[in-house]
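Spelled out, the chains give:
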Amino acid sequence: MGTLDNKSAIITGSSRGVGADTAKILAGEGAGVVVNYRQKAPRANKVVKEIEEAGGRAVAVGADITQHGDVQNLVDAAVEAFGGLDILVLNASGGMETDLGEDYALRLNRDAQLDLMRTAAEVMKSGSRIVYVTSHQAHFINDVETMPEYEAVARSKRAGEDALTDEIPALSEKGIEFVVVSGDMIEGTVTATLLNRARPGTLDERRSEAGKLYSVEEFAQEVAAMVTADVDTGHVELVGGARGFVD
């Protein structure tokens, strides 16, 4: 028996990286998992295949979460495939793209997250949990400067975190819990790679200051752990501490 038997989960942006590893971990604990992707169906299908070969349950669902119709389809897919929705991991983020409009970071990292949370909450039962994944660079942006190349994204993610946190009273009325997981730069992620390319040496500098940077696999373990962690709603988990941000 797994800790998440008879539960179902949506993990946004889960065709690769932290999202994919989180999906595999939750499926391994018994959850039926919706693997969400925006464009890369073959990559998402590979994650589903790996989960199924390991004895788990998963479906791949394409959805651009900046489009409400896609958001509704994503939630409906979880209900249809697994009979309900108990866990929502808001992992998808971005904003460093140059071809999706100047307001894309805010639309994705704030507006889309809020829309998905509210849409999912309509079908989630009491005892369900929503986990929002962010970065220290975004979580602490009001107090600690970040790289200019990342500032717009960081501010949009902080705006998203604030908007989601404002929903806690409404979620609590439904018995739905909300927690935040914040991590430092993650070795091997697209964002870390882009920032290091824009400013060579960035990862080495941050690794030296933090003492350790988590791998994709290590951070996914921390995200997955917060799905069932015994913490109060509104809890913010600072993975690995936050040296350089809080001390």
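Residues numbered from 1 in each chain as written. Predicted model: local features only at pLDDT ≥ 70, side-chain atom pairs only at ≥ 80, totals over all residues. Heavy atoms only, no water.

Chemist: For this particular structure, what's the right way to read unusual backbone geometry?
Modeler: Residues apart from glycine generally show negative phi values, whereas peptide bonds are mostly found in trans. One non-glycine residue, Asn 6, lies in the positive phi region at around 70°. With respect to the helices and strands, Asn 6 occurs in the segment before strand S1 (8–11). (Helix = DSSP H or I, 4+ residues; strand = E, 2+ residues; numbered from the N terminus.)

Chemist: Looking at this structure, how should I read the side chain of His 136?
Modeler: Looking at the element boundaries, His 136 is found in helix H5 (residues 136–139). Look at His 136 and you get buried, because its relative accessible area is 0%. Only 2.8 Å separates the side chain of His 136 from the backbone oxygen of Gly 241, close enough to count as a polar contact. Not counting residues within four places of it along the chain, the set of residues in contact with His 136 comprises Ser 182, Gly 183, Asp 184, Leu 238, Val 239, Gly 241, Ala 242 and Phe 245. (Buried < 20%, exposed > 50% of the residue type's maximum accessible area, 1.4 Å probe, protein only. Polar contact = N/O pair within 3.5 Å; in protein donor to acceptor, adjacent residues only side chain to side chain. Contact = heavy atoms within 4.5 Å.)

Chemist: Looking at this model, I keep getting lost on the pairing of strand S5 (residues 124–135). Mind explaining?
Modeler: With 9 of 12 residues buried, S5 is to be regarded as a mostly interior element. Here S5 pairs with strand S6 (residues 177–183) via 7 bridges, running parallel. In the strand pairing of S6, Tyr 132 is matched with Val 180. (Pairing = 2+ DSSP bridges.)

Chemist: Explain helix H10 (residues 216–225) to me, please; I cannot follow it from the model alone.
Modeler: Three- or four-residue spacings in an α-helix give side chains the same orientation, since the helix completes a turn every 3.6 residues. Within H10, burial applies to Val 216, Phe 219, Ala 220, Val 223 and Ala 224. All buried residues of H10 fall inside an arc of 140° around its axis, so they share one side. Residues of H10 that are buried make contact with helix H1 (17–28), strand S4 (85–90), S5 and S6. (Arc of directions from axis to C-beta.)

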